[in-house]
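Each chain, letter by letter, is given below.
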Amino acid sequence: MRSGTRLGVDVGKVRVGVARSDPQGMLATPVETVQRADASVQKVLAIAAEHDAVELVVGLPIALSGRDTASTGDARDFAQQLADESELPVRLVDERMTTMSANSALRASGRNAKNSRSVVDQVAAVIILQHALDFERSAATPPGELVEPTLGS
């Protein structure tokens, strides 16, 4: 298992959930929900710098059938912007079912949809990052697909 804090990112149309791991890569915890705007990428990179992150793990929404969804391109674009504007490695990992899992977990803790909006994206980011950490620990290989920076950025 590689050492260093990783940031998990759940990209949404309205909000971006951010989670982080401990430096040993054992446990993911929620950090913040960033409102989606022109400066969202810079805000996520500022959070990464604040936590001395060594890698960014971005959830890639894929349909259960394995096909792209309406949000797949948006997540890829966001990940590409992160890769282009930072020296940090950016990885895309399958995030099937994470938002549903996050909503279920929040409901089980007694929160309803209305009072959960501000944290559901963070919980989804935690689930994305925890799955990536668990995969790396079990497979002894980094998770997902590495996003290469665009030449000339």
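Report on the accompanying structure. (Residues numbered from 1 in each chain as written. Predicted model: local features only at pLDDT ≥ 70, side-chain atom pairs only at ≥ 80, totals over all residues. Heavy atoms only, no water.)

What follows is about the nonpolar core. General note: in soluble globular proteins, nonpolar side chains tend to be found buried as a group. One finds L7, V44, V58, F78, L82 and V90 to be the most contacted residues of the largest nonpolar core, which totals 24 residues. Elements supplying a minimum of two residues to this core: β1 (6-11), β2 (15-21), α1 (40-50), β4 (55-60), α2 (72-84) and β5 (90-94). In contact with L7, other than residues within four places in its own chain, are V18, A19, R20, V44, I47, A48, H51, A53, E55, L56, V57 and L129. (Core = buried A, V, L, I, M, F, W, Y, C linked by side-chain atoms within 4.5 Å. Buried < 20%, exposed > 50% of the residue type's maximum accessible area, 1.4 Å probe, protein only. Helix = DSSP H or I, 4+ residues; strand = E, 2+ residues; numbered from the N terminus. Contact = heavy atoms within 4.5 Å.)

Our next topic: the sheet that holds strand β6 (residues 145-147). A sheet is described by the order of its strands in space; here 6 strands give the open sequence β3-β2-β1-β4-β5-β6, paired in mixed fashion. Looking at which strands have only one partner, the edges of the open sheet turn out to be β3 (28-35) and β6. If you compare each strand with its neighbour and ignore which way they point, the axes differ by 30° on average. Relative to β4, β1 runs parallel, the two sharing 4 bridges. Across the sheet, residue L7 finds its bridge partner in β4, namely L56. Strand contacts of α1: β1, β2, β3 and β4, with the helix running at about 150° to β3, the strand carrying the most contacts. Packed onto the sheet, α2 meets β1, β2, β4, β5 and β6 and runs at close to 170° relative to β4. (Pairing = 2+ DSSP bridges. Axes fitted to C-alpha atoms, helices over the stretch in contact; angles between N-to-C directions.)

Purely spatial values, then, with no claim about function.
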